[in-house]
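Examination of the molecular architecture
Letter by letter, the chains look like this.
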Amino acid sequence: MAERGRFAPTPSGRMHLGNVFSALIAWLSVRAAHGELVLRIEDLDTLRCSAENAEILKDDLRWLGLTWDAEQPDQSTRSEYYESILDRLRGEGFVYPCWCTRGDLKNAANAPHASDGHPIYPGTCRDLTEEERAAKAKVRAPLWRLRVPDESIAFSDGHYGPYAENLARECGDFLVRRSDGVYAYQLAVVADDGAMGVNQVVRGRDLLSSTPRQILLYRLLGYPVPEFGHTPLLLSSDGRRLSKRDGDQSLSGILSRGYSPRDVVGGLAYLGGLLPEPAPAWPEELLPLFSWEKLPREDIPLPAGLFGLG
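These notes cover the structure that comes with them.

Turning to unusual backbone geometry, a few remarks are in order. The backbone phi angle of histidine 34 is positive, close to 60°, even though this residue is not glycine. One can find histidine 34 in the loop between helix H1 (17–32) and strand S2 (36–40).

Shown next as structure tokens:
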């Protein structure tokens, strides 16, 4: 089967260097396998995202030479499709309505917490009777959660190796649609990957822990599980993860200092271990040099002086 990867940015602002680094590695990984790349705009949160930002993002990718072969409709236009996916899960009994608020979870006396500080859902609404659900539905609309099994879901990441998580113990039944009708990231990305035949997913290490949840959804929906490869994160000089709020590390900040697209691509290739020193390069020029083995496993601090950073 031919490789089909994807780049799925969120148009909530100008890309920062970490976003571009992830896009570059995704592009190189699928192109090195002579595969295709799909672009998907993940704009589920319409309050934070805009069509204008989406167009700027596409222009930036073209400017960098990170072209794509197919474009999926923006997620904000696909609610009916996601509803059909949710209906399938309802029909099989895999999801249930939940009326718990964030405050309920935060104030639960004995609610366990995962290592990232988020509460593990204790299953409060999992086994409500029909009468109890009807009574709660009169008060407010529910959100929807996926029932997770008490078993380990394991996979081998293309960069970080074996990874496993027991969702019942480390996550709990997770959200697939909010009470305001907005579909959750976990459901939407799996539904979209399945629809587009994506079989290679490359993205930042911060999403590694969400992969077992997505694997469960791929399996429940009958989609082949893609191969995953997670990249190290780029860090600011003080060790923070990059944010779109950090203007000097955004693509617009780099442009304002006069750097060319080849400067950006070559500098990121250096950080990824593909070049011995920063040197201008187009993505195509890096293909003979690309190897997952060259990428660092540790997160990468941005060195002073690169792209004019202090």
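Read from one edge to the other, the open sheet built from five strands follows the order S3-S2-S1-S9-S10, with strand pairing classed as parallel. Strand pairing shows two members of the sheet lacking a second neighbour, strand S3 (70–72) and strand S10 (227–231), which therefore form its edges. Averaged over neighbouring strand pairs, the angle between their axes works out to 25° when direction is ignored. Across the sheet, H1 lies against strand S1 (4–7), S2, strand S9 (200–204) and S10, angled at about 155° from S9, the strand it touches most. Sitting on the sheet, helix H8 (residues 211–221) is in contact with S9 and S10, with an inclination near 160° to S10.

Evaluated as defined, the whole model comprises 23 salt bridges. A salt bridge links arginine 6 to aspartate 193; the shortest N-O distance between them is 3.0 Å. With arginine 6 in strand S1 and aspartate 193 in helix H7 (residues 185–196), this residue pair connects regions lying 187 residues apart in the sequence. You'll find arginine 6 and aspartate 193 in the same group, each marked buried. The salt bridge involving arginine 14 is made with aspartate 60; its shortest N-O contact spans 2.6 Å. Linking arginine 14 in the loop between S1 and H1 with aspartate 60 in helix H2 (residues 51–63), this pair joins segments that are 46 residues apart in sequence.

Where burial is concerned, the two faces of strand S5 (residues 143–146) agree: the one with Leu143 and Arg145 and the one with Trp144 and Leu146 are both buried. Sheet topology note: the strand S4 (residues 95–98)/S5 ladder contains four bridges and is antiparallel. Opposite proline 97, over in S5, you have tryptophan 144 as the bridge partner. By the bridge criterion, three bridges tie S5 to strand S8 (residues 174–177) in an arrangement that is antiparallel. Opposite arginine 145, over in S8, you have leucine 175 as the bridge partner.

What counts, and where the lines are drawn
- Residues numbered from 1 in each chain as written.
- Predicted model: local features only at pLDDT ≥ 70, side-chain atom pairs only at ≥ 80, totals over all residues.
- Heavy atoms only, no water.
- Helix = DSSP H or I, 4+ residues; strand = E, 2+ residues; numbered from the N terminus.
- Pairing = 2+ DSSP bridges.
- Axes fitted to C-alpha atoms, helices over the stretch in contact; angles between N-to-C directions.
- Contact = heavy atoms within 4.5 Å.
- Salt bridge = Lys/Arg side-chain N within 4 Å of Asp/Glu carboxyl O.
- Buried < 20%, exposed > 50% of the residue type's maximum accessible area, 1.4 Å probe, protein only.

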